[in-house]
Amino acid sequence: MRVLGVDPGLTRCGIGVVDGAAGRPLTMVGVGVIRTPAEAETPDRLVAVEAGIEAWLDEHRPERVAVERVFSQHNVRTVMGTAQASAVAMLCAARRGLPVALHTPSEVKAAVTGSGRAEKDQVGAMVARLLRLDAPPKPADAADALALAICHIWRAPAQNRLQQAVAAHRAAPAPRRTAPGRRPQKGRPA
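Residues numbered from 1 in each chain as written. Predicted model: local features only at pLDDT ≥ 70, side-chain atom pairs only at ≥ 80, totals over all residues. Heavy atoms only, no water.

Student: Talk me through the pairing of strand β1 (residues 2–7); I want residue IDs and the actual numbers.
Tutor: Of all six residues making up β1, five are buried, and the element is well covered by its neighbours. With six bridges joining them, β1 and strand β2 (residues 12–19) adopt antiparallel strand pairing. From the neighbouring strand, Gly 5 faces β2, where its bridge partner is Gly 16. Here β1 folds back onto β2, and the loop between the two strands holds four residues. (Buried < 20%, exposed > 50% of the residue type's maximum accessible area, 1.4 Å probe, protein only. Helix = DSSP H or I, 4+ residues; strand = E, 2+ residues; numbered from the N terminus. Pairing = 2+ DSSP bridges.)

Student: Residues and numbers for the sheet that holds strand β3 (residues 27–35), please.
Tutor: If you walk across this open sheet you meet the five strands as β3-β2-β1-β4-β5, and the pairing is mixed. Each edge of the open sheet carries a strand with a single partner, namely β3 and β5 (100–103). Geometrically, the sheet is characterised by an average inter-axis angle of 20° between neighbouring strands, direction not taken into account. Relative to strand β4 (residues 64–68), β1 runs parallel, the two sharing four bridges. Counterpart to Gly 5 in the pairing with β4 is Ala 66. On top of the sheet, helix α2 (residues 76–95) reaches β1, β4 and β5; it is set at about 170° to β4, its chief contact. (Axes fitted to C-alpha atoms, helices over the stretch in contact; angles between N-to-C directions. Contact = heavy atoms within 4.5 Å.)

Have a look at this one:
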């Protein structure tokens, strides 16, 4: 499975592509950061993020896209920019019919390091180790994008099985019930 991980942001949008399957060695295909100037207007910055993501999608042809789920922060301006960049990533994927998964920062940290409270340097070090890199990718946004892709590769099989089980349960006919205290009679429906 090839996954494009996106660590959304307006100033720096981390992006990374990983090939692999759960229980198999992982391979980094590419990693980088889409940068936009802080002094540019937000719509222009979003266009630049879109162009960057589209270029990565064209070049690497991922099968799925994993985006960091935006969570509440104290700085509303920061969370707004992150949410807008996240929406652009989801839009680019949806336009191509690619499945999109959202993963929380603590979910990604737990998948990669074993602790949902891991520090950025711990995530970077584990990403480098898992992908057999000489050093953690810089800046941290790039390492975080790879961590998102790794998290999705490892968690997607279990999530897919769970979704299939829920869908099968919903599609199954409801069992017939008898009135309380009444037993169905042989040969007669309840």
